[in-house]
Amino acid sequence: MNDRITAELWQHLWQGLRNSLSPPPPLTITGRQALVSAYPVSELATTSVALAAQAAASLVDALQPLHVDCALASRWFQNALRPINRQSASLWDQFAGDYACAEGWIRLHTNAQHHREAMARVLGKHDNRQALAATVAGWDRFTLEQAVVDAGGCAAALRSLEDWQQHPQGQSVSREALIEQSLQPCGPSPEWPLPPARPLLGVRVLDLTRIIAGPVATRFLAGLGAEVLRIDPPGWHEPSLEEEVSLGKRCARLDLKSAEGRRQFEVLLGQCDVLVHGYRADALSNLGWDPETRQKLRPGLIDVSLNAWGWTGPWRNRRGFDSLVQMACGIADRGRQWQGGDAPVPLPVQALDHATGYLMAAAVLEGMRQRRLHGTGFAARLSLARTACLLSDHPLSADEQPAGLGARQPQDEEQEMVLSGWGMAAQLRAPFWLPGTPLLWSRSPSPLGSAAAEWLSVSEQR
């Protein structure tokens, strides 16, 4: 791994979290093999994990030095759980992926059924990927991108970094803070015990996130002892991710458009300490829960939100995912140049999702620290596109390529056996070591919708 870039990223992340120019705490790094990429992916993995861990240490006033294993942090950006004696679920729908257009490339994201149906309304239904590719080949990439988005689907045309920097959305998001944060009206003094061994014991986290980034954040908080209750709408499934991201959580369903679902959601919100959500920019407000209303329902709320494309600009309410942001913001294009080919080359992992997830977890913990200090609520906003700006600012030169982490399976000492709702699995051990504060989950992964939409007592959490 690259020590110079690691130090720069660590400083940038710490100062972004603390909203100051103070130097970051010392960080000891082991396991220095890294993922091979045109960008410092393992360095980003190491420092984003470190930020979340250091935020936990700061919350409980721990003075012990922090150690992060670069190789393990990188592997957590791939898979935390590996099924034993059964197949892993496919990560992608058969039609998801990159397609050559009349000029340039486009990526279609079709994992969700309604996104796949939106794509078909534009391109027609096809029996196989080859037939779809033949249809896409006749389109202009930007025209097709807009048509799919207008139909309610998800697509991104391949752009260079220069194209993105000149695009209205690229310009808007570059002016946003990495972790935009603000103190909110005062609330009652929190009654958090904050024991160093389980810092978030008794802390209730209401999780309205899906796919990767938000669930990574709440998985980390669950590993510190929080009671995480994930809420999904009826019928929503993530078969390729449920086992991976439900670790430590209870998962329930509510229809937030029904009277009963709305009533129960407000009960849950009024009794939680933290709200983490990944809806598009105006979605919760359009449902009647704008930021001011959320603070009124739960004074002192720690409110951390995620958006794909940023919080300003013409794309702020556009649907987006890590792979699409990589296409639009120049990352996949630079990978293509780095490999010397024609097709887009994304990062070896969905690093924008994972890194932003750990930054969100750090923001929650910083919000709790601020509430302890000032008795206020706290709000933070992050985006995949803004994290992409951070990564794009640190490209690797040809002579900075790391010794590859390789495709080997994790060693026995890097993982342990666990039993989930799907069967036996090998789970990676924690990627950091903070004496006295382990990352430890008290609940096995469980399917979405498998729990009741209600809070447990502290005794029931243990």
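Here the structure is shown first, and the text comes after it.
Residues numbered from 1 in each chain as written. Predicted model: local features only at pLDDT ≥ 70, side-chain atom pairs only at ≥ 80, totals over all residues. Heavy atoms only, no water.

K.L.:
Could you give me a rundown of the packing of helix H2 (residues 41–59) against helix H16 (residues 351–374), with the residues and numbers involved?
P.N.:
Between two packed helices, both the angle of their axes relative to each other and the distance between the axes serve to describe the pair. Put simply, H2 and H16 touch, their axes get as near as 8 Å, and they point 15° apart. With respect to H16, the axis of H2 lies roughly parallel. Classified by chirality, the crossing of H16 by H2 is left-handed. Every residue of H16 that contacts H2 at Val41, Leu44, Ser48, Val49, Leu51, Ala52, Ala55, Ala56, Ser58 and Leu59 is listed here: Ala351, Ala355, Tyr358, Leu359, Ala361, Ala362, Leu365, Met368, Arg369 and Arg372. (Axes fitted to C-alpha atoms, helices over the stretch in contact; angles between N-to-C directions. Helix = DSSP H or I, 4+ residues; strand = E, 2+ residues; numbered from the N terminus. Parallel < 35°, antiparallel > 145°, perpendicular 65-115°, else oblique. Left-handed = near helix turned anticlockwise from the far one by under 90°. Contact = heavy atoms within 4.5 Å.)

K.L.:
Please provide a residue-by-residue account of the packing of H16 against helix H17 (residues 384–392), values included.
P.N.:
Where H16 contacts H17, the axes come no closer than 9 Å and their chain directions differ by 105°. The orientation of H16 relative to H17 falls into the category roughly perpendicular. Taking contact as the criterion, the partners of Leu352, Asp353, Ala355, Thr356 and Leu359 in H16 are, on H17, Leu384, Thr387, Ala388 and Leu391. Residue composition of the contact of H16 with H17, by class: six nonpolar, two polar and one charged. (Nonpolar A, V, L, I, M, F, W, Y, C, P; charged D, E, K, R; others polar.)

K.L.:
If you had to explain the sheet that holds strand S15 (residues 423–428) to someone new, which residues and values would you point to?
P.N.:
An order of S3-S15-S14 is seen for the three strands of this open sheet, with the pairing classed as antiparallel. Of all the strands in the sheet, the pair left with one neighbour each is strand S3 (81–83) and strand S14 (415–420). With strand direction ignored, the average angle separating the axes of adjacent strands in the sheet is 35°. (Pairing = 2+ DSSP bridges.)

K.L.:
Mind laying out the nonpolar core, listing which residues take part and the relevant values?
P.N.:
Formed by 107 residues in total, the largest nonpolar core has its most connected members in Leu51, Ile179, Leu200, Phe220, Leu365, Met368 and Phe432. In contact with isoleucine 179, other than residues within four places in its own chain, are Gly16, Leu17, Leu51, Leu359, Ala363, Ala380, Arg381 and Leu382. Counting residues in hydrophobic clusters, the runner-up holds 19 residues, among them Leu254, Leu275, Leu284 and Trp455. (Core = buried A, V, L, I, M, F, W, Y, C linked by side-chain atoms within 4.5 Å. Buried < 20%, exposed > 50% of the residue type's maximum accessible area, 1.4 Å probe, protein only.)

K.L.:
Help me get a handle on the environment of alanine 283, residues and values and all.
P.N.:
Within the element layout of this structure, alanine 283 appears in helix H12 (residues 283–286). Residue class for alanine 283 comes out partly exposed when judged on its relative accessible area of 24%. C-alpha separation for the pair alanine 283 and leucine 72, spaced 211 residues apart in sequence, amounts to 36 Å.

K.L.:
Summarise helix H4 (residues 113–123); cite the residues concerned and give the values.
P.N.:
Those residues of H4 lying buried are His115, Ala118, Met119, Ala120 and Leu123. Buried residues in H4 make contact with strand S5 (105–108), helix H5 (129–136) and helix H6 (141–150). Positive phi shows up at glycine 124, right after H4, with a value of about 85°.

K.L.:
So what about H17? Which residues, and what values?
P.N.:
Of all nine residues in H17, nine are buried, a share of seventy percent or more. Turning to H17, its buried residues are Leu384, Ala385, Arg386, Thr387, Ala388, Cys389, Leu390, Leu391 and Ser392.

K.L.:
Go over the pairing of strand S2 (residues 66–69), please, and point to the residues and values.
P.N.:
Along any regular strand, the residues point their side chains to alternate faces of the sheet. Where strand S1 (residues 27–30) and S2 come together, four bridges link them in parallel fashion. Counterpart to threonine 28 in the pairing with S2 is histidine 67. Following the backbone out of S1, through H2 and into the adjacent parallel S2, one traces a crossover that is left-handed. Note that S2 and strand S16 (residues 432–433) share two bridges and pair antiparallel. Among the inter-strand pairings, histidine 67 is bridged to a residue of S16, identified as tryptophan 433. (Right-handed = clockwise from strand over helix to strand, strands pointing away.)

Any link to function would need more than the numbers given here.
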